[in-house]
Amino acid sequence: MALFEKHKPTHVIHLAAMVGGLFRNLAFNLDFFRCNMKINDNVLHACFVHGVKKCVSCLSTCAFPDKITYPINELNLHDGPPHDSNFGFAYAKRMLDVMNRGYNSQHNCTFTSVIPTNVFGPHDNFNLQDGHALPGLVHKGYLAKKENKPFVIWGTGSPRRQFIYSLDLARVIIWVLREYDDVSPMIASVGEEDEVSIKEAAEMVVRAHGFKGKIVYDTSKSDGQFKKTASNAKLRKYLPDFKFTPTEKAIQETVDWFIKNYETARK
Ligand code: GDP
């Protein structure tokens, strides 16, 4: 509230959240739920009290139901329970959509949301335990090369993900903030054809590092959700010419950034 009083924003991009990769979610489902509910209630209410014209919040495709027909679209958000591994985070994120609808129907606010798939890029959290797959793999590849040790991929490598580069997501969010006046969410994702397996993503990381050593799979670690393939048809309807950075290039840029900023990177 103090921040809103100080800056009096007219437009807000709400990205604050307690986040983590699969393994942090598995350990702290209750904390993820409580913490994110509080953050979201606080931010949206502050937007309302201060008459913010537009607020864009971030959900996540892991908020979608686990048992669903693919590709997932925006209308499926509340169609069934989310995957067990991250139910706390998923339900808290769904409630953002409920609040957006409530603020609109009761107070006529334009609060909306984007639903990104797996985000990665410079300035990510590269922590090996708590982070998401891509930054975790970038960090592991760095250490494997430096210490001449095997590169360990958790799980079987077969789960599939649509990775979106943080700079591309930023462009989508700014467009939504400027041009999209609907309350219903918008999936921000590369196409279904650009979904890759964890193994393929890890191979891109290996190439980006120029790592030539051994690659092993630690199948004692969970695979999590097998896939959550999302449709970007709605986004494409509004932005047919939007160009996503090719995943291999985005991974190379992320690896280069991580190596250059190793000392100060979040890890
Ligand atoms: P999710 O997309 O919400 O499930 O979260 P993540 O970004 O953490 O991706 C988890 C998937 O990547 C699972 O299939 C993991 O087994 C696999 N994975 C492989 N290596 C790693 C790693 O170093 N860190 C993480 N977080 N996941 C990994």
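Our subject is the structure listed above.
Residues numbered from 1 in each chain as written. Predicted model: local features only at pLDDT ≥ 70, side-chain atom pairs only at ≥ 80, totals over all residues. Heavy atoms only, no water.

The next point concerns the sheet that holds strand β1 (residues 11–14). Strand order in this open sheet of 4 strands is β1-β2-β3-β8, and the pairing throughout is parallel. Of all strands in the sheet, those with a lone pairing partner are β1 and β8 (186–188), marking the two edges. Adjacent strand axes in the sheet meet at a mean angle of 25 degrees when their direction is disregarded. In this sheet, strand β2 (residues 54–58) lies alongside β1 in parallel orientation, the contact comprising 4 bridges. Bridging across to β2, H14 finds its partner in S57. The sheet contacts of helix α3 (residues 29–49) involve β1, β2 and β3 (111–116), and relative to β1 the element is tilted by about 175 degrees. Sheet strands in contact with helix α4 (residues 87–107) are β1, β2 and β3, and its direction is about 155 degrees off that of β3. (Pairing = 2+ DSSP bridges. Helix = DSSP H or I, 4+ residues; strand = E, 2+ residues; numbered from the N terminus. Axes fitted to C-alpha atoms, helices over the stretch in contact; angles between N-to-C directions. Contact = heavy atoms within 4.5 Å.)

Remark: the centre distance and the inter-plane angle together describe each pair of aromatic rings, the angle taken between the planes. With the rule as written, the count across this model stands at 16 aromatic pairs. Here the aromatic rings of F258 and Y262 are separated by 5.5 Å at their centres, their planes lie at 90 degrees, and the arrangement is edge-to-face. Residue class for F258 comes out buried when judged on its relative accessible area of 0%. A cation over a ring is seen here: K140 above W154, with NZ or CZ 3.9 Å from the ring centre. One Lys or Arg, K267, reaches over the ring of Y262 and ends 4.4 Å from the middle of that ring. (Phe/Tyr/Trp six-rings, centres within 6.5 Å; stacked < 30°, edge-to-face > 60°. Buried < 20%, exposed > 50% of the residue type's maximum accessible area, 1.4 Å probe, protein only. Lys NZ or Arg CZ within 6 Å of the ring centre and 35° of its normal.)

Right, let's get into a nonpolar patch on the surface. A contiguous nonpolar patch, built from I13, L15 and I174 and spanning about 250 Å² of accessible area, is present on the exposed surface. Here I174 shows up in helix α6 (residues 166–179). (Patch = residues over 30% accessible without salt bridge, like charges linked within 9 Å, V, L, I, M, F, W, Y side chains within 5 Å. Areas by Shrake-Rupley, 256 points an atom, 1.4 Å probe, with all protein chains shown as cover. Salt bridge = Lys/Arg side-chain N within 4 Å of Asp/Glu carboxyl O.)

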